[in-house]
Amino acid sequence: MTQLVIEGHGVSVTLDPGRTYRMGRDPGSDVVVTADRVSRTHAVLRFEGGQWIVEDAGSRNGTYVSGHRIQRVVVGPGTRIGLGDPSEGGIMTFRAAQPQTPPQAPVTTPRRTPVATPPQAPPQASPQAPLQAPPPRSAPPRSAPPHSAPLRSAPPREPGRRPSGPGYAAPQQQPAQASPAYGGGATVRFPRTGQWREPAAVRNLTGAQVVRIGRAPENDMVVTDLRVSRRHAELRITGGVHEIVDVGSRMGTYVNGRRVQQARISPNDLIGIGPSTFQLVGDTLTEYVDTGEVCLQAHDLTVTVEGGKVLLDHVTFPVGEKCLLGVIGPSGSGKSTLLRALTGLRPADQGIVTYDGRDLYRDYAELRSRIGLVPQDDILHSQLTVRRALIYAAELRFPDDTRQHERKARVDEVLQQLGLENRKDNRISSLSGGQRKRVSVALELLTKPSLLFLDEPTSGLDPGLDKSVMQMLRGLADDGRTVAVVTHSVANLDICDRLLVMAPGGKIAYFGPPAEALPFLGFTDWADVFLAFDDPARDWAAEYARSSPYQEYIAADLIKPVGMRQPVQRELPPKQQSWPEQLSTLVRRYCRGIVADRLFLGITVALPIVMGLLARVVPTGNLMGPPNSNGNAANLLLILCIGGCLTGAANAVRELVKERPIYQRERAVGLSRSAYLCSKLLVLGLITVAQGIVLTYVAMLNVKTYDKGVFTAPLTELSLAVALLSFTAMTVGLLISAVAKTSETTMPLLVLVTLIQLVFCGALVHLDGKPVMEQLSWLVPARWALAALAGTLDVGQLIPHVQDPPDPLWSQDFGTWILDMSVLAALAVVCAFLVARMLRRHEPAVMRGK
Ligand SMILES: Nc1ncnc2c1ncn2[C@@H]1O[C@H](COP(=O)(O)OP(=O)(O)OP(=O)(O)O)[C@@H](O)[C@H]1O
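Quick notes on the rules
- Residue indices begin from 1 for each chain and proceed along its sequence in written order.
- Under the rules for a predicted model, residues below a pLDDT of 70 receive no local features and side-chain atom pairs below 80 are neither given nor counted, while totals for whole chains, interfaces and linings still include all residues.
- UniProt positions are given in the numbering used here, feature names are shortened, and annotations may be inferred rather than shown by experiment.
- In this description a helix means any DSSP run of H or I spanning at least four residues, a strand means any run of E spanning at least two, and both kinds are numbered starting from the N terminus.
- Here is the check we use: build the C-beta atom from the backbone, and if it is within 6 Å of the molecule or strand, call the residue near.
- Any residue outside Ala, Val, Leu, Ile, Met, Phe, Trp, Tyr, Cys, Pro, Asp, Glu, Lys and Arg is labelled polar, Gly included; the first ten of those are nonpolar and the last four are charged.
- A strand pair is defined by DSSP finding two or more bridges across the two strands.
- For the exposure call, what matters is how many other C-beta atoms sit within 10 Å of a residue's own: 20 or more marks it buried, 12 or fewer exposed, and in between partly exposed, using C-beta atoms placed from the backbone.
- Between N-to-C directions, angles cover 0 to 180 degrees, with each direction set by a line fitted to C-alpha atoms, over the stretch in contact for helices.
- Any angle that falls under 35 degrees is termed roughly parallel, while one over 145 is termed roughly antiparallel, one within 65 to 115 roughly perpendicular, and all others oblique.
- For a crossing to be left-handed, the near helix must be turned anticlockwise from the far one by less than a right angle; the clockwise case is right-handed.
- A pair of residues counts as a contact when their C-beta atoms, built from backbone coordinates, are separated by no more than 7 Å.

It is worth spelling out the UniProt feature "domain: FHA" (unreviewed entry) in the protein chain at this point. Under the feature "domain: FHA" (unreviewed entry), the UniProt entry names residues 21–70 and 211–260. This span, residues 211–260, is 0% helix and 48% strand, and a straight line between its end C-alpha atoms measures 17 Å.

Bringing the UniProt feature "domain: ABC transporter" (unreviewed entry) in the protein chain into the picture now. Under the UniProt annotation, "domain: ABC transporter" (unreviewed entry) lies at residues 296–530. Taken end to end, residues 296–530 has its terminal C-alpha atoms 27 Å apart, with 33% of it in helix and 25% in strand.

What follows concerns the site of the ligand. As a structural note, the neighbourhood of the ligand is formed by Val305, Lys309, Leu311, Gly329, Ser331, Gly332, Ser333, Gly334, Lys335, Ser336 and Thr337. Top element by residues in the shell around the ligand is helix α1 (residues 335–343). It accounts for three residues. The residue makeup of the shell around the ligand, split by class, is two nonpolar, seven polar and two charged.

As paired strands, strand β25 (residues 296–304) and strand β26 (residues 310–319) are joined by six bridges and run antiparallel to one another. Within the sheet, the bridge partner assigned to Leu296 lies in β26 and is Val319. Here β25 folds back onto β26, and the loop between the two strands holds five residues, one of which, Gly307, carries a positive phi near 90 degrees. Bridge count for β25 against strand β28 (residues 350–355) is five bridges, and the pairing is antiparallel. Pairing of Leu296 across the sheet is with Tyr355, part of β28.

Quick look at unusual backbone geometry now. A negative phi angle is the norm for most residues apart from glycine, just as the trans form is the norm for most peptide bonds. The phi torsion at His314 lies on the positive side, around 50 degrees, for a residue other than glycine. With respect to the secondary-structure elements, His314 resides in strand β26. Not every positive phi belongs to a glycine, and Val772 is a case in point at roughly 70 degrees. Along the chain, Val772 turns up in the loop between α18 (746–760) and α19 (773–777). On the neighbour-count criterion, Val772 (7 C-beta atoms within 10 Å) is exposed.

At a minimum axis separation of 9 Å, helix α17 (residues 714–739) and helix α22 (residues 814–841) run at an interaxial angle of 20 degrees. On the basis of their axis angle, the class for α17 and α22 is roughly parallel. Our pair here, α17 against α22, has a crossing hand that is left-handed. Between α17 and α22, the residues in contact are Ala721, Leu724, Leu725, Phe727, Thr728, Thr731, Val732, Leu734, Leu735, Ala738 and Val739 and Met821, Leu824, Ala825, Leu827, Ala828, Cys831, Ala832, Leu834, Val835, Met838 and Leu839, respectively.

Set out below in structure tokens:
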């Protein structure tokens, strides 16, 4: 409980919860306020249900908070009440009494300041069981950090203070129905966690019918965050009934964590809009903003995969505000699994994660944008410049009604925050490993996440860069967010506030201050610790659970949820942009990347020309001769087919696998799978089709053909068939890319697929009427393309001995040609559908509705 002091008019009284205080002009009052408009007994101040309450005692001139006359109000640190006068006169201020800090206590994380983070949903608004308060703890001072943060905006750390999130504040549980009417503008104490929250804005609802909420300045309540739409929601008041209505926002409007279009609101409900939480407080609508200082708690997280293998085994620990948590452990000990569970990307099968007391899994759709994750692999298109990459990322992450200048301003802000202004025009591929990691972090910071997770950000970096990255993370935590970093490097662990050591089997071997870890584990070297983890005779998790660090750093700081986790219907997170907007962004980014990659561009232009020239090596000559006059016609068509297949497939075969980490991350922040796939089909498809046409024209230049093929000029028909074949081969290439685990495995698959095309296209082997072979060939694009080409040139006539009896798919009639082309197109559609299915397999579990 925060101890309060009331001050003003020369009076300073430290309040004792066991007493009731009379405030007024009467010299016998407990708090004497000698101002003109103050009544003799003006108000009463008492501690009730875990909160300090001021109640007007029938004063003549009234009691005011934030300009509103109140009858009863909850007060806390920062609250100013006016006795008899809203502005001057009898203003009294409340502040927290100085905490007492015992000098002997060990390291802890920085303190919580009274911040505007979202309050907890009241118990009855939540399907979860209420939380139990832990016993109060004394505040151990933290030793000063040995390193300074590199961030310009990072404030100096505050040693000697303890965190005071739900796990630190010794909260008092309050039944929601006992909550008094909150005073507008007051710092209020929320029922479930007992945290003090300072409103960012208060709107008096007296006489109001509609309160408009959004990013645009013309709204009644303006939320200046790019995640919020310009016109986001309206609070409509009719006959004392309050309704929140979403007016077409992208990121959605939430009531107690559930997305709503329209919902009736009561004072216990929490309305979530971007980083802000709104609540009806008396006759006001009060806004609290999540500024990043939130607590994260893992409760009993267990992840089991098929076959019963346990990847995470009852993992429980709290992380305080502004805390930098380091996670280490041997390979395969479940660190990445833990990160996925904490970020909600792959929710644990058992247990819950609380985000400032809220069930992260249940409220994931609302809270997702407050979580940043920097995966191990870079999530950047390396051909782009730093600023350009961030601008595209901002387009994908912010609602489509954000303006370009707003996004650019946010990008510049983040570049400055991470000291990247001098690198902003550099190609990402030209940056050092540490700088690239900074850009990845900058990308995640665009949306101002309160929680930032990083998976091995220092892997592959030299010791200097390792330290610089860790210092950057220290600064980010000090700047007002919780940062968790999985690392293999043990060189800079002392920079962390807390260290989590994972033992094989996904168990906790240690959680606490880094300095105490090695002494606790009984070694002087981390290598020896990891080697000792191999000893099957020792149960590290059980030893830690019985230890005093467990009591001190986990048991005492944790608010345990009572009862089992309720099965929850998780909502898919919203998409920030419309589908066409996403497609447009992806297409522009893709094109810019291609244009910037000169080598790829050169190969793309040269490849069809070289292949076409190779086709000319075959002496085709005259394709208008009498029957049996040109035995090389089939060879020419074969080269065209294989050229088309190779061009298309080679273009696409690495396309998805190489940027899979980017896709996975962007998918987790709302990218549409179909928009992503369509951007590939569109850009790569156009390039491939153009290549197919160039290939055909170069191969057929000056070759004599009849004036008419099946229905028009033979060259046109041939180009159409080769272009469609190239496109279909490209979808096959995309399929290989979607299936492959690494870029390296795509090449053997490309060779295999090309050989299959060669054997089953029908030029080398007569397929018609051969059971099994013929049916298998129907699945091969080159079979249909070659048939269409053969139909155009009437190859059956030119070289009847090649196809004896004649292959019906080769006949020179319009119906057959259309059939050949249609099946080719259908194969492309089937492949594209399969690519979409395969892409889904690589997506975060939460995006698959799991
Ligand atoms: N889907 C899965 N099915 C079966 N086993 C899995 C699955 N995912 C991960 N594992 C196994 O679970 C264990 C933990 O994996 P995880 O990637 O979390 O470990 P890690 O500590 O991050 O390892 P590293 O340090 O090597 O990245 C490993 O043994 C891994 O092989």
